[in-house]
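# Examining the three-dimensional arrangement
Spelled out, the chains give:
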Amino acid sequence: MANDDNVDHLRTVLRLSNILKTTPNLKSISIIQHDEPLILEGQHLAMSKKTFKQLGLFSRQTFLKFIKKESSPSRDSTLDELSTVLIVLNPDDNKYWNYRKRLCQKCSKNQTDKLFLELKLSSCSLKLKPKCAEPFNHARWLLTNYREIVSEQTIISQLKMCEDSAEHYKHNYYSWIHRLWVLKTFPNTKLLEKELEWSKGWIESHISQFCGMNYRFNLLLISSAHQNLDSNVQKCQKFVDEVSYVVDLVLFYPGTESLWCYLGLLLYYCSANQIECEESALFRVRAIDNRFSRRFQKRNFNPEIA
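Residues numbered from 1 in each chain as written. Predicted model: local features only at pLDDT ≥ 70, side-chain atom pairs only at ≥ 80, totals over all residues. Heavy atoms only, no water.

When its secondary structure is counted, the protein shows 13 helices and three strands. Across the 306 residues that make up the protein, the buried fraction comes to 46%. Of the roughly 16800 Å² of accessible surface on the protein, 51% is carried by carbon and sulfur atoms. (Helix = DSSP H or I, 4+ residues; strand = E, 2+ residues; numbered from the N terminus. Buried < 20%, exposed > 50% of the residue type's maximum accessible area, 1.4 Å probe, protein only. Areas by Shrake-Rupley, 256 points an atom, 1.4 Å probe, with all protein chains shown as cover.)

The following block contains the structure:
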């Protein structure tokens, strides 16, 4: 009976591994209460709770058993399939990622298909657990070691992976750190301008999350450093315009703490770098600040106690 169960589990491992490797742009992986082990509908994969538990245990035990054996085509193929499944079921455990790295090292660095597959698996592993460091670490290792064949499309796919994981988990600093690392490591003026525009949309639709604002501030720093601007005045203008933009947001969302934090960061940077902001923008900020101060006074608000 146990052997029959093992055979069934191995079949499920092979099927799941094939789905992860061959399904283009897999959008979600869900754990549901269902009799079927795996259900694939378009670009959405569902796994039964029972299968998730049993497959995780079986895959771990089998992986540890096979890793001790001498290398052979059968052994290596089985470990490939098992590690593919395990980095999705248990992405926090770095021994499976380390095994994937060893597989990559056996291949030529000109194999773009291997790079794309590993990056795809890193993205898949974030579907179940979007706030996890190991998939991003693996992606950075791949991009560093396969740097010669990294294309603009590869960078765009990494930015999309970061966006999806940040959307699924608030304040996902692993995602934002990786996104910034990609742009710093592979500087591209055109993509940088697109990112500045994208970050505006993100901030306006996630107004209470400071992560996106901090990311945009770093984009402005990178943009100022990388672009061939004619004078220091043009560099300063980016931050002057940003202050005016954030003031407009503060006027529209006056009670949002993250916006005030971002505005404080910008004003501090401008002050430290002797950048003069528009007086009209500062006047509007003072008007808001005074209005809220009076409101707090009416409610006997004491900032020292708070």
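Every α-helix carries 3.6 residues per turn, so stepping three or four residues along brings you back to the same face. With 16 residues, helix H12 (residues 257–272) should cover 22 Å at 1.5 Å per step; its first-to-last C-alpha distance of 22 Å lies within 8% of that length. Just past H12, the residue Gln-274 takes up positive phi, approximately 55°. (Expected span 1.5 Å × (residues − 1).)

Next up on the list: the sheet that holds strand E2 (residues 38–41). Reading across from one edge, E1-E3-E2 is the order of the three strands in this open sheet, with mixed pairing throughout. On the outer flanks of this sheet lie strand E1 (28–32) and E2, each paired with one strand and no other. Going across the sheet, the axis of each strand differs from the next one's by a mean of 20°, ignoring polarity. Pairing of E1 with strand E3 (residues 44–48), which is carried by five bridges, proceeds in the parallel orientation. Looking across to E3, one finds that Ile-29 is bridged to Leu-45. Across the sheet, helix H2 (residues 49–67) lies against E1 and E3, angled at about 75° from E3, the strand it touches most. (Pairing = 2+ DSSP bridges. Axes fitted to C-alpha atoms, helices over the stretch in contact; angles between N-to-C directions. Contact = heavy atoms within 4.5 Å.)

Next up on the list: the environment of Leu-128. In this structure, Leu-128 sits in helix H5 (residues 112–128). Leu-128 gets classed as partly exposed once you look at its relative accessible area, which sits at 26%. When the C-alpha atoms of Leu-128 and Asn-90 are compared, they prove to be 9.1 Å apart, with 38 residues separating the residues in sequence. In this structure Leu-128 touches Ile-29, Ile-31, Phe-52 and Val-88, once residues within four positions along its chain are discounted.

So, on to the pattern of salt bridges. Tallying each qualifying case throughout the model produces 13 salt bridges. Taking the shortest distance from any N to any O, the salt bridge between Asp-164 and Lys-160 comes out at 2.7 Å. A residue pair is termed a helical-turn pair when its members lie 3 or 4 positions apart in one helix, as Asp-164 and Lys-160 do in helix H7 (residues 152–168) at four residues. You can call Lys-160 partly exposed: its relative accessible area is 44%. One salt bridge in this structure joins Arg-179 and Glu-195, with 2.8 Å as the shortest N-O distance. (Salt bridge = Lys/Arg side-chain N within 4 Å of Asp/Glu carboxyl O.)

This part covers the side chain of Arg-75. Looking at the element boundaries, Arg-75 is found in helix H3 (residues 73–89). Looking at Arg-75, its side chain comes within polar contact range of the side chain of Asp-76, at 2.9 Å. For Arg-75, the residues in contact, after removing those within four places along its chain, are Phe-66, Ile-67, Lys-69 and Glu-70. (Polar contact = N/O pair within 3.5 Å; in protein donor to acceptor, adjacent residues only side chain to side chain.)

No statement about biological role is implied by the geometric values presented.
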